[in-house]
Amino acid sequence: MIPYTVNIKLAARTLTGTLNLQNKTAVDWGWQGLIAQGCHSSILIIDPKTSQTIQVLERHKANVVKVKWSRENYYHNVSSPYCLRLASGDASGKIIVWDVVSGTVHCEIQEHSKPIQDMEWLWNQDASRDLLLAIHPPNYIVLWNGDTGTKLWKKSYAENILSFSFDPFDPSNMALLTSEGIVFITDFSHSKPPGSAGKKVYIASPHASPAHTKPAPAAAPVPTGAKKALNKVKVLITNEKPTNHMLLLYPREILILDLELSQTVGVVAIERSGVPFIQVIPCAQRDALYCLHENGCITLRVCRTTTTPEEAADPEQNVYELMYDLRSQCDAIRVTKTVRPYRMVICPVNENSAALMVSDGRAMLWELKAQQHLINSRNHSGLSPLYTPLSFCGSPLGPNQKRIQDLSLNSMIGQTLMAGEAPPPSSNQQDIQLKFLLTGLLSGLPLPPFALRMCPPLTTKNINHYQPLLAVGTSNGSVLVYNLTSGLLHKDLSVHSCEVRGIEWVSLTSFLSFATSAPNNMGLVRNELQHVNLPTGRCFAFRGERGNDEPPIEMIKVSHLKQYLVVVFRDKPLELWDTRTGTLLREMAKNFPTVTALEWSPSHNLKSLKKKQMAAREAIARQTVSDAEQTSVESSVISLLQDAESKSETSQAISAREHFVFTDTDGQVYHITVEGNTVKDGARIPPDGSMGSIACIAWKGDTLVLGDVDGNLNFWDLKARLSRGIPTHRGWVKKIRFAPGKGNQKLLVMYTDGAEVWDTKEVQMVSSMRIGRNVNYRILDIDWCTSDKVVLASDDGCVRVLEMAMKSASYRMDEQDLTDPVWCPYLLVPRAALTLKAFLLLQPWSGTFTMDITQVDMKSVLQDPELSLLQRCLLVSRLFGDESDLHFWTVASHYLQSFAQARQLGVSTAEGQAKSEGTQTSPPNHLDICHDVLCESSYFQKFQLDRVHLQEVKRSSYDHTKKCADQLLLLGQTDRAVQLLLETSADNTSYYCDSLKACLVTTITSSGPSQSTIKLVATNMIANGKLAEGVQLLCLIDKAADACRYLQTYGEWNRAAWLAKVRLNPAESSDVLKRWAEHLCSPQVNQKSKAIMVLLSLGSYCIYSDIQKKIANLALSKTEVLKIGSPGYSIHLCYRRALDCRELFHNEGQFKCSTKHIL
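Note that this is a predicted model, so its numbers are computed, not measured.

Running from amino to carboxyl end, helix α19 (residues 1066–1080) crosses helix α20 (residues 1088–1098) at an angle of 160 degrees, the nearest separation of the two axes being 8 Å. Overall, the two elements α19 and α20 adopt an arrangement that is roughly antiparallel. α19 and α20 meet at a crossing whose hand is left-handed. Taking contact as the criterion, the partners of Ser1070, Leu1073, Lys1074, Trp1076, Ala1077 and Leu1080 in α19 are, on α20, Lys1088, Lys1090, Ala1091, Val1094, Leu1095 and Leu1098. Grouping the amino acids of the contact of α19 with α20 by side-chain chemistry returns 8 nonpolar, 1 polar and 3 charged.

Right under this line is the structure:
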């Protein structure tokens, strides 16, 4: 039999409860795979896979209003390891940066004393991973060094700033939501504050009808009626999909704003009877929206582009509507005055999991599942089908290859088809439907007040079956039993119909609890005294039919041996009960003194009774054995007989003598002795003149301590017959308790304003806690959980297990005893995490891939021999939550396969991305548009054309028409641009210029003189500040390469890259993008990671030596220039990403890989 072991040492922890209203936005799901949630002044770290709270951070003195995980968008090695770093801001304006694993603080930041409005780690630059941008009320934006707490720069604006959002495709673009409008900033930089005040835009109020098809346009900077509309805007979010799109969330609709036009191009509206929106989160992997509604329902809406029927005959004139179809929704919660949905977060790695935070402290974890769609149900739904993707982890799915369909959102749903494309006929694709599944639920404590009672202490007799259980009585009548070893809820028992006032344990598996209802007109209440058996959950009324219309119970006290129970009433004599039989032993007379405090003595005569019974049983046993037989009977047999009889007698008939003391309103001390059915009065001690009305008593050994309502403590040494009074000047002593353990004379004292720990041997205070000085919460109840740790219930809805010093501090995560194992490589030391990653990536020394993974599905897929190295790299990057690796391998995997396919078709590597114009093809699975200019030119150009067509149909003013015409000219759509130019009305001041421009575009020829003239004019216009007009003229004469060079010369690098992707051939586009990569590597820009991605998409990782020097830690060998698609390049990619992991192995020769493992 395996011996049962008990963890005697309990770790300090915090059991949290309901959330404060200021905690509403304090939640974040990081790339590390963990959720951070603010609960009053504490921060919970939740593992969503196992639904466990694995850390609680406590340092704030005010309510936490914002939490943000640091982004993992950097290359990890031993010097730049995986880390759990979190920033939190509170209502007092303090920002704390945490090391979550150790629970320690990196730095504390304080600028102002008002709540932090918003903050974000700057993740889209390579200068530093420690930059934290925060909004300090009323109108300041401050950039901090999150590692040292140093202020780098500060910028103020005219309006009060509520939140901000970065453009995920251009880090220099930023939008501020203010109290009066939206401010767009285009010159944001980490090196200096923005130089301009930004461009201010007012949003007109949306239509009253939720079913309108033409949303209201963004008005000109005229504030009439705009402030009222902005008050309804809950949040603005930069969309993760199409560039320059922003979401504006209103209660009943979501507007999709095109920032180039300042025009709404789409709307997501709910029906009249629908539930209003609270929050919206766009997805990056697919064009989809997660929406949270006021009833706690989470919906997933997937984008679908449609073509209007009347124009479908002309492909050039197709009109595209942005439609977001409702594809799945979870169950709603029951909303009350105190229970409301607060916030939703989604997993940034896989985007198929969502967590809902409820005001009552619950965290509901939902996971999106895909299942095969029934044909009949699809026809009734009226929605277009959703198909599974043809690839898994970036590579085509093999016929016998294993896959995890629910791994991520892009492994569940195939790429959204653009308008005009037919669904690809493939037998490998399945028509699916999406459903939400509740996979985890974390419940917090209900609203305070609480009543605490720790189970009987650990002893040598109960060590084999002891569990450190804490009973928490709540305001709703339930009793929650927590196992303090793991911090998890052990039992949730609905015992009473009103607030629980007190709990007393009668054994390790049962307890008594009492509750009192609200008083009636006569001041009488209904008392409920319940006996609860934990293993069975059985409850019964301990006092039987008693309890109706009587004075309220003040306290219950169980004797030291758990034999007797004293029930003390407010205006009624006490009752004495036998806990073993549930019988009433004595109901005191009406003239019995009013009890103000009571305590049982730890002394009893049980040992002497046992000795007497053992001697009697031994005598009986010896008399039953003859003298001859007595010599042959072993003494051990007799002792066993005696022990068995003694134990049975003890459990049945032994009633030891116990006694208790109590005080009356005058301070007189009474002594009562109880033995069986006999109750005797003892000595009476007159009141101490230095003490006020006694409020509580504690007794252990020879020490008796009394506390009064004036804050005085009186220590009695019963053996020496001495007493000593100590005035604490803390006010009413609410409760005092001795610590468990033989010889442990520590005393826990609870006051109205805090608590103290005293050493009764030395009669001196050990530690103190005072509201306003050490903590910001008020203590409601206290108890000891072990001999050196205390447990406190507070009015912020939390129960804290603290060291004897009573200092609220976080604990190390590796000290916790968790019920379920947690998969989080960030908890490992850097070398161990990188070693694990290297083992998961490459095992060339073995014929088969072997590794013991906690997830069965993941284990089977990793061990699948059909899984290529590229797929394994993507899978491991998801497993680690490595943002940098995930983006890198997504792009690398796509282009490795793209160029390999091009070689198979006889196309040179340099032409792998696209053929000559007119025969341009793209791979079956194009790179998703969220990668922007990294996509193939053909797909990128088609997307931009669709976007301009959408802008065109939504235009509502001349400025919108002009911008659409300019975009069409750049895209080479001259015929449609001419039509738009000719729409200019005669009374418009630009009528003549637009007419001449239309004539120029129509009659332009390719003759040498005309091109020379137009080029000269374009050059002069660019030199005189007309850059956009000059670029248009150059594009008209097919000089887009020159236009790109001019754009780069004047600092328009992003615009030049855009133009190169939509107008230039592969060779010219490659030159433009290579120059852009050089610019990104410059010290002023410092975006080397983005430069690598650009070079990856070109088919040449690194060509110029100066770039190699700037990105030496991420680039290839300086002496070797490799082309994408070559075996050497593929192998070196693995070397580059596992560079530091490789050093962990003694034999570098083990890293050999054949080409067949790559592609």
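As a further point, take unusual backbone geometry. Where the residue is not glycine, phi is negative for most of them; where a peptide bond is considered, it is trans in most cases. For the bond from Pro137 to Pro138, the omega torsion is 0 degrees, close enough to zero to count as cis. In this fold, Pro138 is placed in the loop between β11 (131–136) and β12 (140–145). Here the bond from Pro448 into Pro449 is cis, since omega is 10 degrees, no more than 30 degrees from zero. Structurally, Pro449 can be placed in the loop between β33 (431–442) and β34 (451–454). Even without being glycine, Glu351 reaches a positive phi, approximately 60 degrees.

Take the pattern of salt bridges next. The full count for this structure, using the stated rule, is 45 salt bridges. One salt bridge in this structure joins Glu952 and Arg976, with 1.9 Å as the shortest N-O distance. A residue pair is termed long-range when its members are at least 10 positions apart, and Glu952 in helix α11 (residues 937–954) and Arg976 in helix α13 (residues 974–981) qualify at 24 residues. You'll find Glu952 and Arg976 in the same group, each marked buried. Across the salt bridge formed by Asp1042 and Arg1045, the nearest N and O atoms sit 2.1 Å from each other. Taken as a pair, Asp1042 and Arg1045 lie in helix α17 (residues 1040–1049) at a separation of 3 residues, close to a single helical turn. Residue classification places Arg1045 among the partly exposed residues on the basis of a relative accessible area of 40%. A single network of salt bridges, built from pairs that share partners, joins Arg543, Arg546, Glu550, Lys572, Glu575 and Glu587.

Here we come to the pairing of strand β42 (residues 553–558). Burial analysis of β42 places 5 of its 6 residues in the buried class, the great majority of the element. Counted along the chain from β42 to the antiparallel partner strand β43 (residues 564–569), the turn is 5 residues long, and its residue Lys562 has a positive phi close to 60 degrees.

Taking strand neighbours across the sheet as the criterion, the 4 strands line up as β46-β47-β48-β49 in an open arrangement whose pairing is antiparallel. Each end of this open sheet is capped by a strand with a single partner; those strands are β46 (597–600) and β49 (678–685). Across this sheet, the average inter-strand angle for adjacent strands is 20 degrees, counted without regard to direction. Pairing of β46 with strand β47 (residues 657–663), which is carried by 4 bridges, proceeds in the antiparallel orientation. Bridge assignment links Trp600 to a residue of β47, and that residue is Phe660.

Quick reminder: α-helices carry 3.6 residues per turn. Residues three or four places apart thus point the same way. Its 22 residues give helix α10 (residues 883–904) an end-to-end C-alpha distance of 32 Å, which sits within 8% of 32 Å, the value for a rise of 1.5 Å per residue. With respect to burial, α10 is a largely interior element, 17 of its 22 residues being buried.

As a further point, take the sheet that holds strand β52 (residues 712–717). Sheet strands pair by backbone hydrogen bonding; their relative direction is either parallel or antiparallel. Spatially, the 4 strands line up as an open sheet ordered β50-β51-β52-β53, and their pairing is antiparallel. Both outer strands of the open sheet, β50 (694–700) and β53 (722–727), are each paired with one neighbouring strand and no more. Neighbour-to-neighbour, the strand axes of the sheet open up by a mean angle of 15 degrees, direction not taken into account. Sheet topology places β50 next to strand β51 (residues 703–708); 6 bridges connect them, and they run antiparallel.

This part takes up the nonpolar core. One broad rule of soluble globular proteins: the nonpolar side chains tend to lie buried together. With 119 residues, the main nonpolar core has Ile43, Ile45, Leu86, Val100 and Leu1059 as its most contacted residues. Ranked by residues supplied to this core, first place goes to α10 with 8 residues. Contact partners of Val100, with chain neighbours within four places excluded, come to Ile45, Gln55, Leu57, Trp69, Leu84, Leu86 and Met813. In terms of nonpolar packing, the next biggest core, distinct from the first, is built from 31 residues, Met454, Tyr466, Tyr482 and Leu534 among them.

Quick look at the packing of aromatic side chains now. Each aromatic ring pair is characterised by the separation of its centres together with the angle its planes make. Considering all chains together, one arrives at 16 aromatic pairs under this definition. Aromatic pair Phe662 and Tyr670: ring centres 4.8 Å apart, planes at 5 degrees, arrangement stacked. Like Tyr670, Phe662 is buried. Within the aromatic cluster, the residues linked to one another by ring pairs are Tyr564, Phe592, Trp600, Phe660, Phe662 and Tyr670. One cation-aromatic arrangement involves Arg71 over Trp123; the distance from NZ or CZ to the ring centre is 4.1 Å. We note Arg1055 situated over the ring of Trp1058; from NZ or CZ to the ring centre the distance is 4.5 Å.

Further remarks concern the packing of helix α18 (residues 1053–1063) against α19. Contact geometry for α18 and α19: axes closest at 9 Å, N-to-C directions at 160 degrees. Taken together, the axes of α18 and α19 are roughly antiparallel relative to one another. The chirality of how α18 crosses α19 is left-handed. Here Trp1053, Asn1054, Ala1056, Ala1057, Ala1060 and Lys1061 of α18 come into contact with α19, specifically with Ser1069, Val1072, Leu1073, Arg1075, Trp1076 and His1079. Residues that form the contact of α18 with α19 fall into these classes: 7 nonpolar, 3 polar and 2 charged.

Within the element layout of this structure, Ser359 appears in the loop between β28 (353–358) and β29 (363–372). Under the relative-accessibility criterion, Ser359 is labelled buried at 5%. Those residues in contact with Ser359, other than ones at most four positions away along the chain, are Thr18, Leu19, Thr338, Val339, Arg340 and Tyr342.

Within the structure shown, the criterion is met by 0 disulfides. Sulfur of Cys930: no disulfide; nearest cysteine sulfur belongs to Cys935 and is 7.2 Å away. Looking at Cys930, the relative accessible area reads 22%, which means it is partly exposed.

What follows covers the confidence of the model for the protein. When pLDDT is averaged across the protein, the result is 80; 79% of the residues are at 70 or more. Confidence drops under pLDDT 50 across residues 1–6; counting only partners more than four residues distant or on other chains, this segment forms 7 contacts. When the criterion is pLDDT under 50, residues 308–317 qualifies, and its contacts beyond four places in sequence or with other chains add up to 10 contacts.

What follows is about the environment of Asp717. Among the structural elements, Asp717 can be located in strand β52. Residues Asp717 and Thr703, 14 residues apart in the sequence, show an inter-C-alpha distance of 5.0 Å. Contact partners of Asp717, with chain neighbours within four places excluded, come to Asp702 and Leu722.

Cut-off values and rules
- Residues numbered from 1 in each chain as written.
- Predicted model: local features only at pLDDT ≥ 70, side-chain atom pairs only at ≥ 80, totals over all residues.
- Heavy atoms only, no water.
- Axes fitted to C-alpha atoms, helices over the stretch in contact; angles between N-to-C directions.
- Helix = DSSP H or I, 4+ residues; strand = E, 2+ residues; numbered from the N terminus.
- Parallel < 35°, antiparallel > 145°, perpendicular 65-115°, else oblique.
- Left-handed = near helix turned anticlockwise from the far one by under 90°.
- Contact = heavy atoms within 4.5 Å.
- Nonpolar A, V, L, I, M, F, W, Y, C, P; charged D, E, K, R; others polar.
- Salt bridge = Lys/Arg side-chain N within 4 Å of Asp/Glu carboxyl O.
- Buried < 20%, exposed > 50% of the residue type's maximum accessible area, 1.4 Å probe, protein only.
- Pairing = 2+ DSSP bridges.
- Expected span 1.5 Å × (residues − 1).
- Core = buried A, V, L, I, M, F, W, Y, C linked by side-chain atoms within 4.5 Å.
- Phe/Tyr/Trp six-rings, centres within 6.5 Å; stacked < 30°, edge-to-face > 60°.
- Lys NZ or Arg CZ within 6 Å of the ring centre and 35° of its normal.
- Disulfide = S-S within 2.5 Å.
- pLDDT = per-residue confidence, 0-100.

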